Amino acid sequence: MPRKGILVDRPYERLTREQVELIHQASMQILTDPGLISFNREAVDILHSHGAAVESIPGDHQSWQVKIPEQVVLSAMNSAPKTVKLGARNPDNTLIMHGDEPRVYLITGSETNIWLDVDFPTYVNKTDPTREIRVPEFKPRRGTVDDLCQSAHVCEHLEMVDGYIRTVNIQDRDITEDNKDVNKFFASLNNNTKHFMSGLTSLKQLDNVVRMAELIAGGKKALEDNPIISFITCLVKSPLQFVDDTTETFIEVCRRGLPIVVSSSPQAGTTAPIKEAGIMAQINAEVLAGITLGQLVNPGTPVLYGSVPVRARMDTLGDSYGSVETSQYNIDCVQIARFYGIPNYSTSGVCDPKIPGQQSSIERLFSDIVVTMSGPQFLHCAFGLLDCNSVFCLLQAVLDDAHFKMIEFFLRQPRVDQPELETMLKQIREVAATPQKLYISYIRPLLRSGEISGVYPFEGDGEADDVFELAYERMKELLARPVEHIDRETTARIFEEIPGILPRLNIYESGS
Amino acid sequence: MPEDTISLIQENVIQGRVTRDDEGMDEGMVGQPGVTELVEKALASGLSIKDIITKGLSGGMNIVGQKFEAGKYFIPDMLASAQAVGAAMEILEPYLAGSGINAKGKIIVATLKDDLHDIGKNIVSILLRGAGYTVKDLGNNVDIQVIVDAVREEKPQFLGLSALLTSTMARMADVIQMLEENGLRDQVKIVVGGAPVSEEFAKSIGADGYGADGFQAIAVVEALNSGIEN
Ligand code: B12
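Scope of this entry: the structure provided in the associated data block. (Residues numbered from 1 in each chain as written. Chains lettered and ligands numbered in written order. Predicted model: local features only at pLDDT ≥ 70, side-chain atom pairs only at ≥ 80, totals over all residues. Heavy atoms only, no water.)

Brief notes about the nonpolar core
All names here are of chain A. Residues Met 212, Phe 231 and Leu 293 are the most contacted members of the largest nonpolar core, which totals 145 residues. Per-element tally for this core: the top contributor is helix H9 (residues 276-297), with 12 residues. In this structure, Phe 231 is in contact with Phe 185, Met 197, Ser 198, Leu 200, Leu 206, Val 209, Val 210, Val 253, Leu 258, Pro 259, Ile 260 and Val 261, ignoring residues within four places of it in sequence. (Core = buried A, V, L, I, M, F, W, Y, C linked by side-chain atoms within 4.5 Å. Buried < 20%, exposed > 50% of the residue type's maximum accessible area, 1.4 Å probe, protein only. Helix = DSSP H or I, 4+ residues; strand = E, 2+ residues; numbered from the N terminus. Contact = heavy atoms within 4.5 Å.)

In structure tokens, the structure reads:
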């Protein structure tokens, strides 16, 4: 049984069908004029052999102007699966995504460099020293493998988290360019039984992580049937460029047939037009070019239409995920992907502030609600992320989970049908005939059925706002709850066959 | 599952089932006798009134209270149980004299003139009935004169006044004054409540007690009651 996700009955859309078609046409025009610049030779050869016009660009870096005719794009799109399955160590955590079905799966990530520790020191009132309060204090530091294990562990227990993208970049002294991939894959997979998606630090490690996944899934064929890992690559750099190394990684992952996200993240105002029509036409061209390349490499490779459009901040020209337009752009992309019938990878919940607080709650909740309502299949909703993807706070992830539970509840379908209304008429007549005129007794059968939403889970007793402290308690509770690790035998084989995994991650040997 | 009638009464109070048609808490109870049917049966088979009340009804209500404290029961559950006890007490009332059980006493409740808010007062009434009191509810928008007349005729031990508006809250003082003028004030303990009412306000108008919610309403009435008995 796959996970249920949130099925959005009538997804919120901003564009009319005609507007989507206009964007499609504009994207097709962009792909032939100006086309893309590719810094990757192999991509150029593949596209050229299928009918793209290619021309070398003179200069220091080897690059080519590639013009992809509409026909090439459309026929490649035909071979892209309309249903993508993302497997999981625990098969109950499988995700099945149909491009035409707005069922939303909520995924964590993506990697941040900074991990926020939380503490609650006591402060004393200067004028009245008998008065004390506890105030949350957030302390940033560089993320470690240990943190990654903790985050994967807690996310295993967060009910609304459907899949895991690692939330923190591991920067321990003994982590190198070469062993980073195997360690991040192992730490995540060993502490979390949900689907795991990741980017690759080094292409050299691709076969090692695929082998690790095979060992866990039970063999090559088993991994094909139950792809417990998938990849994400930003092969496109906006505007309209295929980057050399990520394109190479992308091609190699496609060859292995594992699911992959083609993602583009243009910044409106700097690397894409700030106007909605412009950024949509461009991002769509970028993603379609990537999907086309992937399908030409290996027809039928499961791909997600990955869109991470964001608006620039006017004060710094950095990303502003909290801006309202960012949500508008994301929602448009969801609709465009649905037009092609390809499952969409979308983004919400990333916020601008550096610590949890009012701004982070408001910004993330705003985008979480509206983007979920648009019905993306794979919503990278940034559990716990702050400072535009630079900071991760586990406490915030616990809060986000609770808020998504509210969104899930809100999006449930109403029950209004003849039998229900007949029952209600009976109830109304019965109560109208009583002296007290209260419906309270009819609440009872629903109280424990999950049909009534709960009070805010981190509501305190008194006048004080105890949300952070209560969420922190919850976080500790979840950390104390065990997770199902990879079994001893498989762990031994992984450590035997795959070089570079830190011995301290072997829970059966390290004594921890 | 308990077999004897008293245990069944207790169990059905916990389930909050007034009659055999009620669903209760657990699955599959509809059709089995509820508290009213069981109390009739207990009376017919000559069980002691004292056991029915203390072991069956109060015993059940105590467990409900514990479940509520532990967060397992919600207010609607509590009210359902209280309703079951209230219905049982109505059946038992004629038998109380000579049973060795002192009736807990009668309480008249009313929401004051020009105030239509009655949800809180109704909840208080249900809970008081559940605690074993005989409750006469005069309703809402009740004239001061009607309240005074009821006190004179019914001779209740308690009068519960509810107001949700600051304007009608002021009338509570008028009720007390009029009871005094009619020489009735000493016969009755007066408790007041409703959102705008406070402990201080209750004191300032010379009321005997104040309850911030339904549970406090019972607590304050019980405290005053033990004062009367002593
Ligand atoms: C529901 C409601 C209504 C409903 C009432 C339905 C009904 N059947 O009762 C309706 C919509 C009809 C209504 C109408 C009006 N309402 Co109104 N209403 C409310 C509301 C939102 C909730 C009251 C309620 O039922 N609470 C739930 C119950 C369970 O709680 P409770 O009543 O407090 O009772 C508990 C305790 O107080 C205590 N208790 C109560 N009584 C007693 C008695 C004793 C003896 C004891 C010991 C304890 C006790 O135990 C109860 C159980 O726990 C309040 C807001 C509020 N915060 O209270 C406004 C409120 C009371 N209403 C208000 C107003 C202004 C009005 C209207 C005048 C609006 C209008 N312009 O038409 C009319 C008044 C009509 C009238 N003449 O009375 C104001 C009053 C302001 C003021 N001046 O004091 C309030 C405070 C809202 C506001 N902030 O503006 N209202």
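A look at the environment of Asn 183 of chain A
Residue and element names in this part refer to chain A. Summarising the element assignment, Asn 183 is placed in helix H5 (residues 180-191). Given a relative accessible area of 0%, Asn 183 falls into the buried group. Not counting residues up to four positions away in its chain, the partners in contact with Asn 183 are Ile 170, Ile 175, Gly 500, Ile 501, Leu 502 and Leu 505. Within the structure, the side chain of Asn 183 is placed 2.8 Å from the backbone oxygen of Asn 179, a separation counted as a polar contact. (Polar contact = N/O pair within 3.5 Å; in protein donor to acceptor, adjacent residues only side chain to side chain.)

Quick word on the side chain of Asp 387 of chain A
Residue and element names in this part refer to chain A. Among the secondary structure elements, Asp 387 is positioned in the loop between strand E24 (385-386) and strand E25 (391-392). Take Asp 387: its relative accessible area is 18%, and that puts it in the buried class. Every residue in contact with Asp 387, bar those within four places of it in the chain, is listed here: Cys 351, Asp 352, Pro 353 and Lys 354.

Describing the packing of helix H4 (residues 145-157) of chain A against H5 of chain A
Residues and elements named next belong to chain A. Between H4 and H5, the shortest axis-to-axis distance is 8 Å and the interhelical angle comes to 30 degrees. Judged on the interaxial angle alone, H5 and H4 are roughly parallel. H4 and H5 meet at a crossing whose hand is right-handed. Note on element contacts: H5 touches H4 through Lys 184, Ala 187, Ser 188 and Asn 191, opposite Val 145, Leu 148, Cys 149, Ala 152, His 153 and Glu 156. In the contact of H4 with H5, the residues fall into five nonpolar, three polar and two charged. (Axes fitted to C-alpha atoms, helices over the stretch in contact; angles between N-to-C directions. Parallel < 35°, antiparallel > 145°, perpendicular 65-115°, else oblique. Left-handed = near helix turned anticlockwise from the far one by under 90°. Nonpolar A, V, L, I, M, F, W, Y, C, P; charged D, E, K, R; others polar.)

Concerning the interface of chain A and chain B
At the junction of the two partners, chain A supplies eight residues and chain B supplies 20 residues. Regarding the contact of chain A and chain B, the summed buried area is about 1,100 Å², with carbon and sulfur atoms giving 56% of it. Of all residues in chain A, the largest losses of buried area upon contact with chain B belong to Gln 436, Arg 444 and Arg 448 of chain A, amounting jointly to 59% of the total for that side. Summed over the shared surface of chain A and chain B, the result is two salt bridges. (Buried area = accessible area lost by both parts, 1.4 Å probe. Salt bridge = Lys/Arg side-chain N within 4 Å of Asp/Glu carboxyl O.)

So, the pairing of strand E19 (residues 303-307) of chain A
Residues and elements named next belong to chain A. Summarising burial for E19: five of the five residues are buried, a large majority. Alternating positions in E19 separate into two faces, Val 303, Tyr 305 and Ser 307 on one and Leu 304 and Gly 306 on the other, with burial throughout. Pairing of strand E17 (residues 260-264) with E19, which is carried by five bridges, proceeds in the parallel orientation. Looking across to E19, one finds that Val 262 is bridged to Tyr 305. In this structure, E19 lies alongside strand E22 (residues 344-347), joined through two bridges in parallel fashion. Bridge pairing in E22 places Tyr 305 opposite Asn 344. (Pairing = 2+ DSSP bridges.)

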